[in-house]
There are 2 protein chains.
Amino acid sequence: MTTNTASLPFDPAGIQLDAKLGLSRGLYQALRSRILDGRLASGTRMPASRDLAQALAVSRNTVVRAYDQLYAEGFLAGRVGDGTYVALLEGVPEKLSTKLSTGLSLGFSTGLSTKTPADTGFVSSKVIHTAASKCLDEHHLPPFRSGPPRAFRVGVPAFDLFPFATWAKLYAAFWRNPDPELLGYGDPAGDPELRSLIAAYLRSSRGLNCRAEQILITTGAQEAISLCAQLLVDPGDTVAVENPGYRAAGHAFVNAGAKLKGVPVDEEGLTGAALEEGEPCRMVYVTPAHQYPTGVTLSLARRLALLEWAERNRGWIIEDDYDGEYRYSGAPLAPLAALDRSGRVLYVGTFGKVAFPALRLGYLVVPEGLVEAFSRKRAVALRHSEIGTQRVMARFIADGHFQRHIRRMRRAALARRDALLGNWPADIRGVGPLPQVNAGLHFTVPVESVAREQQLLASAEAVGVELNGLSHYWLPESAEPVDNRAGLVLGFAAVAPAATLAALDRLRQAWKS
Amino acid sequence: MTTNTASLPFDPAGIQLDAKLGLSRGLYQALRSRILDGRLASGTRMPASRDLAQALAVSRNTVVRAYDQLYAEGFLAGRVGDGTYVALLEGVPEKLSTKLSTGLSLGFSTGLSTKTPADTGFVSSKVIHTAASKCLDEHHLPPFRSGPPRAFRVGVPAFDLFPFATWAKLYAAFWRNPDPELLGYGDPAGDPELRSLIAAYLRSSRGLNCRAEQILITTGAQEAISLCAQLLVDPGDTVAVENPGYRAAGHAFVNAGAKLKGVPVDEEGLTGAALEEGEPCRMVYVTPAHQYPTGVTLSLARRLALLEWAERNRGWIIEDDYDGEYRYSGAPLAPLAALDRSGRVLYVGTFGKVAFPALRLGYLVVPEGLVEAFSRKRAVALRHSEIGTQRVMARFIADGHFQRHIRRMRRAALARRDALLGNWPADIRGVGPLPQVNAGLHFTVPVESVAREQQLLASAEAVGVELNGLSHYWLPESAEPVDNRAGLVLGFAAVAPAATLAALDRLRQAWKS
């Protein structure tokens, strides 16, 4: 620690590293805190990793890792051959906010609120701090939990009912003697047979008239959303997202350089008026059939208004129909894509909620004029999808298994919904009434405050029950009063009624005591 | 150690494993010494990995790794459905001795040029501003042709030899009774079992020491390259690419906002000095084992210089080892990733050139500090890859099919190479001499001018023969005189020798007339 510090552009003397906590992690934290509190000013040239390593008596790798992390999170910037600098964290919104968001995190600049997260009492960190994706991942991403299905898990259908024996036979049949023509490089948009079957399915099940050529096969809904972001969003554009909403979609837009505008959701769905306030939007991401996570259906009036907005402003609408197969009563409204007359809607669908999520098979229906551009974009991103899964799904549909399975899944989801609704503990302090559940695989119950929500989650966790808090689904900066953001998001399809009842018993005991 | 040993084909009683020295390493050494001293005679059938693991009270992975290493080194051999045998060590000098050195030591100092890049003459490169990827796509993408394999097609291995019956059985076995834990949302970086097997494979086959956690499963090499571009390139950065080179990689960088700098390739590969001229580069994309498309191998001196450049400039090197499994003579050089001491190399591998392209299964090995960032990036792009294909490939590797198949493919490619080299029409006007072909699945023959190249292509097409012109593989703006860019890029593995000979007959007639 004694040598060379004089030649460094800042004084590392106060940096105390503890091998037990991780040298590199400790250095990263020490540097980050110095950047955040200004001891390391914007524009300061960082010492070469070799010099800092020597000054701190640690390995060079330790320094390189800390620098890499800071770089990835946007705290450092640099150019090849020109050293590494402390990034300019304020006042250079353009380049830096792009950089901050590159692949890592949400660089939120919503048009809605100028409050910092600290003002809301909801997030203790500073705005720039949310650039550190770790923080975001831990506190703001709706948890996508792995492991076997459990009661109340969101986004998981009744895949215990999937006909795996049939699936195995179809795979074996395909691979025993595949057409060599299918084994080289294929169409980036996907297997033509599967695309044509999907087009037919959408016509009959959604009233959505599209040609097979408008369909791109994707690695689940997430790739479809991410492609839209990459192709239709320019850095600096504003993208409107439902708030609360599907946060992984927001990430895709921010990755493409977008600023997010959180738009409130009421009992008719996304509130159109908010869309027109403030910064004009280039795109709206919406879940009309069954809003994620509240479960609200976008009303017809709102649908028409949204389409009118898109036509008038030449904006894009990304319609994510992630669980549109599940409808228990009432006639479904036509998807936006079926009502769209000016080619502004991109429709996202997935097989993950009918089969199982790890299938990673989805699709995107794009307006005629965009087919070629999307196809090229996808070719550069990953060329195309694996052929076997596409062909097996095509056979599964063509042989009628798919439609049978949808009916089976709908019946099962209905029974599982009823098991949850019928046995939900009444009179839990601070928990609001159950909603009507006419669609989807989950619903949301309001809770009086975020503090109470967190209490309920913690005591559920203590008895081994997994629950999701609605507060996780909000953008960090929201105009909505913090306690209006509380709730429980309850998936009901992942496990059979018996397992739901058992989990409810544990919840009841944990919450009543 | 007490159970089951009676049923094993040899007595493992004397094998003492020490966890501190590495169980797998210890088992490898014990088996190797028994093979070398004859206790395990040539032709002995080895026990199934499961049985030996049980007998030795070690994990199955330990045995699989030891077998893999022995297999890669030629001590074990096997055929599909017929188990693993101790190899016949006499009479197979050629392949085995090559194999023995594969990736195990860095003893490649003999006979190599000690020239530094500065000594080698090179043509100065131009920085190319290619914002318009559209233009690139339409006019300059090397054709990735679909349809059944045909003579001379580039990038297509001998997949007629793939063991589809085995593949079909593995799929059926997986899907008949899948672990529900695998069917929900999984790790964006990929299935842990497959990642661990790939790490073991890279250690034994490439001398590349990496942890399973550093490996990301990708949708083929293209997604791996595209992820690097998205995460490590900022808009305006300059990325150096080989010129001529793999144009789809260049597209991925341009998509991320990069300017491309075409760097010439000479007989030692990418010319390092050109890298340092003009605009500094943030990243270099390189195909060291078998330059795409020229087939040149990057010399050791150039490898070291390139690594030194990356360390000095904190630049990134994307090493695309797309067909590294195919090496016909000479010891392979260590990959850049194995020589990298400062964590600047990202290594791209693919199963598409050993199995078949439509498999779309590849991997990326990233430096420790980048694992989390890449994993997050991938989660936002598409969440993760379909589980079945990953698990089936893991089983394919663990059961030894993969290693056997590599050897089969290498033999087949060699035979197909010889069919083409031995029957290529001599004395075609304007066509240069055949090169030495020591690696890969294609080679390049120079042609006197682009006009002549186009003539040759057109007359080939007129008789139904598909050929690729080298001129397609250049960046649109290159300093290289246009006629130096002409040539024929000839894939030799896609079809059996008979089909190659038939195509050559047609070519001969078309070109002589």
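Described below are features of the structure shown in this document. This one's a predicted model, so the numbers in the text were calculated from it and none came from an experiment.

### Examining the pattern of salt bridges
In total, this model carries 46 salt bridges over all chains according to the counting rule given. For the salt bridge of Arg206(A) with Glu325(A), the shortest nitrogen-to-oxygen distance reads 3.0 Å. Of this pair, Arg206(A) sits in helix H8 (residues 192-206) while Glu325(A) sits in the loop between strand S8 (316-320) and helix H13 (336-339), and the two are 119 residues apart along the sequence. With a relative accessible area of 13%, Arg206(A) lands in the buried category. A relative accessible area of 4% means that Glu325(A) is categorised as buried. Among the salt bridges present, the one from Lys259(A) reaches Glu279(A), with a minimum N-O distance of 3.1 Å. One end of the pair, Lys259(A), is in strand S5 (residues 259-266); the other, Glu279(A), is in the loop between helix H11 (272-276) and strand S7 (283-286), and 20 residues separate them in sequence. Through salt bridges with shared partners, one network takes in Arg60(B), Asp191(B), Glu193(B), Arg391(B), Arg395(B) and Asp399(B).

### So, the packing of helix H6 (residues 164-176) of chain B against helix H14 (residues 387-398) of chain B
Residues and elements named next belong to chain B. Here H6 crosses H14 at 120°, and the two axes come no closer than 9 Å. When the interaxial angle is binned, H6 and H14 end up oblique. The hand of the H6/H14 crossing is right-handed. Touching Thr166, Trp167, Leu170, Tyr171, Phe174 and Trp175 of H6 are Ile387, Gly388, Thr389, Arg391, Val392, Met393, Arg395 and Phe396, all from H14.

### Some details on the interface of chain B and chain A
With 66 residues of chain B at the contact, the number on the chain A side is 66 residues. When the two sides are added together, the surface that chain B and chain A hide from each other amounts to roughly 6,000 Å², 59% of it contributed by carbon and sulfur. Our count for the chain B to chain A interface comes out at one salt bridge. Glu311(B) is the partner of Arg60(A) in a salt bridge, and the nearest nitrogen-oxygen pair spans 2.8 Å.

### Topic: the environment of Arg282(A)
Residues and elements named next belong to chain A. Structurally, the position occupied by Arg282 is in the loop between H11 and S7. In this structure Arg282 comes out as partly exposed when scored by relative accessible area, which is 30%. For the pair Arg282 and Ser299, spaced 17 residues apart in sequence, the C-alpha to C-alpha distance is 22 Å. Sequence-distant contacts of Arg282, that is, excluding residues within four places in its chain, are made with Leu232, Asp237, Thr238, Trp309, Arg314, Gly315 and Trp316.

### Overview of a positive patch on the surface
Residues and elements named next belong to chain A. Taken together, the side chains of Arg404, Arg407, Arg410 and Arg411 make up a positively charged region of the molecular surface. When you line up the elements, Arg410 lands in helix H16 (residues 401-423). Assessed through its relative accessible area of 31%, Arg410 is described here as partly exposed.

### Details of the pairing of S5(A)
Residue and element names in this part refer to chain A. Relative to S5, strand S4 (residues 238-243) is paired through six bridges, and the arrangement is parallel. Considered in S5, the bridge of Ala240 is made with Lys261. In the classification by handedness, the crossover that spans S4, the intervening helix H10 (residues 247-255) and the parallel S5 is right-handed. Two elements, S5 and strand S6 (residues 269-270), share two bridges in a ladder whose sense is antiparallel. Looking at S6, one finds that Val265 is bridged to Leu270. Connecting the antiparallel pair S5 and S6 is a turn made up of two residues.

### Comments concerning unusual backbone geometry
Glycine aside, residues mostly have negative phi angles, and peptide bonds mostly take the trans form. Residue and element names in this part refer to chain A. At the junction of Asn243 and Pro244, the peptide bond is cis and its omega measures out at 5° in the coordinates. Examined against the element boundaries, Pro244 turns out to sit in the loop between S4 and H10. Across the junction of Tyr292 and Pro293, the peptide omega takes the value 5°, indicating a cis bond. With respect to the element layout, Pro293 can be found in the loop between S7 and helix H12 (300-313). Positive phi, close to 55°, is recorded for Ala57, a residue that is not glycine. Mapped onto the fold, Ala57 is located in the loop between helix H2 (49-56) and helix H3 (60-72). Overall, Ala57 belongs to the exposed group, its relative accessible area being 64%. A positive phi is found at Asp427, a non-glycine position, where the angle reads about 60°.

### Notes on helix H7 (residues 192-206) of chain B
Residue and element names in this part refer to chain B. Taking 1.5 Å as the rise per residue, H7 with 15 residues should run 21 Å; its terminal C-alpha atoms sit 20 Å apart, in good agreement. By the criterion of burial, H7 is predominantly enclosed, with 12 of the 15 residues buried. If you check which residues of H7 are buried, you get Leu194, Arg195, Ser196, Leu197, Ile198, Ala199, Ala200, Tyr201, Leu202, Ser204, Ser205 and Arg206.

### Thoughts on the sheet that holds strand S10 (residues 362-365) of chain A
In a beta sheet, neighbouring strands are held together by backbone hydrogen bonds and run either parallel or antiparallel to one another. Residues and elements named next belong to chain A. Taken in spatial order, the eight strands line up as S3-S10-S9-S8-S7-S4-S5-S6 in an open sheet, and their pairing is mixed. Edge strands, defined here as strands with exactly one partner in the open sheet, are strand S3 (215-218) and S6. As paired strands, strand S9 (residues 345-350) and S10 are joined by four bridges and run antiparallel to one another. Bridging across to S10, Tyr347 finds its partner in Val365. In the packing of helix H9 (residues 220-232) onto the sheet, contacts are made with S3, S7, S8, S9 and S10, and the angle to S9 comes to roughly 160°.

Calculation notes
Residues numbered from 1 in each chain as written. Chains lettered and ligands numbered in written order. Predicted model: local features only at pLDDT ≥ 70, side-chain atom pairs only at ≥ 80, totals over all residues. Heavy atoms only, no water. Salt bridge = Lys/Arg side-chain N within 4 Å of Asp/Glu carboxyl O. Helix = DSSP H or I, 4+ residues; strand = E, 2+ residues; numbered from the N terminus. Buried < 20%, exposed > 50% of the residue type's maximum accessible area, 1.4 Å probe, protein only. Axes fitted to C-alpha atoms, helices over the stretch in contact; angles between N-to-C directions. Parallel < 35°, antiparallel > 145°, perpendicular 65-115°, else oblique. Left-handed = near helix turned anticlockwise from the far one by under 90°. Contact = heavy atoms within 4.5 Å. Buried area = accessible area lost by both parts, 1.4 Å probe. Patch = residues over 30% accessible without salt bridge, like charges linked within 9 Å, V, L, I, M, F, W, Y side chains within 5 Å. Areas by Shrake-Rupley, 256 points an atom, 1.4 Å probe, with all protein chains shown as cover. Lys, Arg positive; Asp, Glu negative; His and termini not counted. Charge placed at Lys NZ, Arg CZ, Asp CG, Glu CD. Pairing = 2+ DSSP bridges. Right-handed = clockwise from strand over helix to strand, strands pointing away. Expected span 1.5 Å × (residues − 1).

Just geometry here; none of it tells us what the structure is for.
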